[in-house]
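# Tertiary structure, described
Here is how the chains run, residue by residue.
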Amino acid sequence: MTDWATISALATAGGTLVLAAATYASVRSAHRAARLAERALLAQLRPVLVPSRFEDPMEKVGFLDDHWLKVEGGRAVAEVHDGVIYMAMALRNVGTGIAVLDRWDFHPERLRGEDVRPTDEFRRLTRDLYVAPGDRGFWQGAFRDADDPMFQPAADAISTHQSMTVDLLYGDHEGGQRTISRFALLPRPDGGWITSVSRHWNIDRDDPR
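Residues numbered from 1 in each chain as written. Predicted model: local features only at pLDDT ≥ 70, side-chain atom pairs only at ≥ 80, totals over all residues. Heavy atoms only, no water.

## Let's talk about the overall build of the protein chain
This is how the line gets drawn: To qualify as a helix, a DSSP run of H or I must reach at least 4 residues; to qualify as a strand, a run of E must reach at least 2; elements of each kind are numbered from the N terminus. Residue burial is assigned from relative accessible area. The probe radius is 1.4 Å, only protein chains are included, and a residue is buried under 20% of its type maximum, exposed over 50%, and partly exposed in between. When checking whether two residues touch, look at their non-hydrogen atoms; a contact exists if any pair is within 4.5 Å.
Secondary structure summary: the protein chain contains 2 helices and 11 strands in total. Across the protein chain, helices and strands are ordered from the amino to the carboxyl terminus as α-β-β-β-β-β-β-β-β-α-β-β-β. Taken over 209 residues, the protein chain has a buried fraction of 37%. Sequence separation of 24 or more characterises 63% of the internal contacts of the protein chain that already satisfy a separation of 6 or more.

Structure, rendered in structure tokens:
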């Protein structure tokens with residue numbers, strides 16, 4: 001004798017299972033689409049800083065104490081004046097989002113390795129610096145305290161005109177997609193420095209490489 005109650009229960013269970021599988025697949029697809037949309041949006045906001053071009057106009061960089069530096073395209077300036085170390089680099093943003101510079105770290109030699117200091121050890125800029133997408137801008141930094149552990153090494157590196165390294169920490173205008181870009185300051189025969197970028201580190205997401 002056919003047990004219709006059992007058959008009905010099994011059919012209901014099978015239908016529920018099929019519905020659950022369809023719902024799971026639909027949710028996974030929606031999540032995947034949302035992630036792709038989010039990545040596409042972030043890509044539109046992502047800044048990438050590199051040295052400016054040699055043919056770019058000169059940048060005029062002012063400090064809080066009214067000291068001024070003139071920085072040619074693709075170059076950097078570093079000098080000691082009245083007991084203060086002033087530094088600046090000309091930059092270009094080749095990304096699609098505005099770059100907001102936040103912090104920096106200095107090394108009195110050229111670094112070729114993969115290691116960077118923790119971001120909480122970087123020096124905070126006294127003001128945010130902005131570089132629009134596809135446009136040029138600059139970074140500036142100073143050592144004002146002779147007791148700063150990095151003051152004398154920086155002064156020695158400048159006086160002997162040797163290679164130096166500056167790591168810049170920046171992000172998009174919403175404070176996300178933080179990136180560290182490593183810039184080398186390479187000595188020129190005329191006493192200045194040419195800049196080059198060697199590596200970019202992603203702070204808020206997995207490194208794609």
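## Focus: the layout of surface pockets
Worth spelling out the cut-off: In this analysis a 1.4 Å probe is tested at points of a 1 Å grid over the protein atoms alone, and where it fits but cannot get out there is a cavity; an open set with protein on both sides within 12 Å along at least five of seven lines is a pocket; lining residues have an atom within 4 Å of a point. Grid points are joined across faces, edges and corners, and a volume is the space filled by probe spheres set on the points. Each residue is assigned to one class: nonpolar for Ala, Val, Leu, Ile, Met, Phe, Trp, Tyr, Cys and Pro, charged for Asp, Glu, Lys and Arg, and polar for all the others, Gly among them.
Volume-wise, the largest pocket comes out at about 290 Å³. What lines the largest pocket is a set of 14 residues, among which Leu125, Thr126, Gln140, Gly141 and Ala142 lie closest to the centre. Elements that contribute at least two residues to the lining of the largest pocket include exactly strand S7 (123-131) and strand S8 (136-143). Here the lining of the largest pocket is composed, by residue class, of 6 nonpolar, 4 polar and 4 charged.

## Points about the pairing of strand S10 (residues 179-187)
Under the convention used in this document: Pairing between strands requires that DSSP locate at least two bridges from one strand to the other.
For S10, the tally of buried residues reaches 7 of 9 residues, placing the bulk of the element in the interior. When strand S9 (residues 164-171) meets S10, the two strands line up antiparallel, connected through 7 bridges. Each residue of the ladder has a partner; that of valine 166, found in S10, is phenylalanine 183. With 9 bridges joining them, S10 and strand S11 (residues 193-202) adopt antiparallel strand pairing. If you follow arginine 182 over to S11, its bridge partner there is arginine 199. Hairpin connection from S10 to S11: 5 residues lie between these consecutive antiparallel strands, with glycine 191 at a positive phi of about 105°.

## Some words on the pairing of S9
For S9, the tally of buried residues reaches 8 of 8 residues, placing the bulk of the element in the interior. Judged by which residues are buried, S9 turns out to be covered on both faces: Met164, Val166, Leu168 and Tyr170 on one side and Thr165, Asp167, Leu169 and Gly171 on the other are all buried. Both strand S6 (residues 99-107) and S9 contribute to a ladder of 7 bridges, which runs antiparallel. Counted as the bridge partner of leucine 101 is tyrosine 170 from S9.

## Some points on the pattern of salt bridges
This is how it is decided: Whenever a carboxyl oxygen of Asp or Glu lies within 4 Å of a side-chain nitrogen of Lys or Arg, that contact is scored as a salt bridge.
Scanning the model with the defined rule gives 11 salt bridges in all. Residues arginine 103 and aspartate 102 are paired through a salt bridge, measuring 3.2 Å at the closest nitrogen-oxygen approach. According to the relative accessible area criterion, arginine 103 is partly exposed, its value standing at 23%. A salt bridge links arginine 178 to aspartate 204; the shortest N-O distance between them is 3.0 Å. Within this pair, whereas arginine 178 is found in the loop between S9 and S10, its partner aspartate 204 is found in the segment after S11, the two being separated by 26 residues in sequence. A relative accessible area of 40% places aspartate 204 in the partly exposed class. By sharing partners, the salt bridges in this structure join Glu72, Arg188 and Asp190 into a single network.

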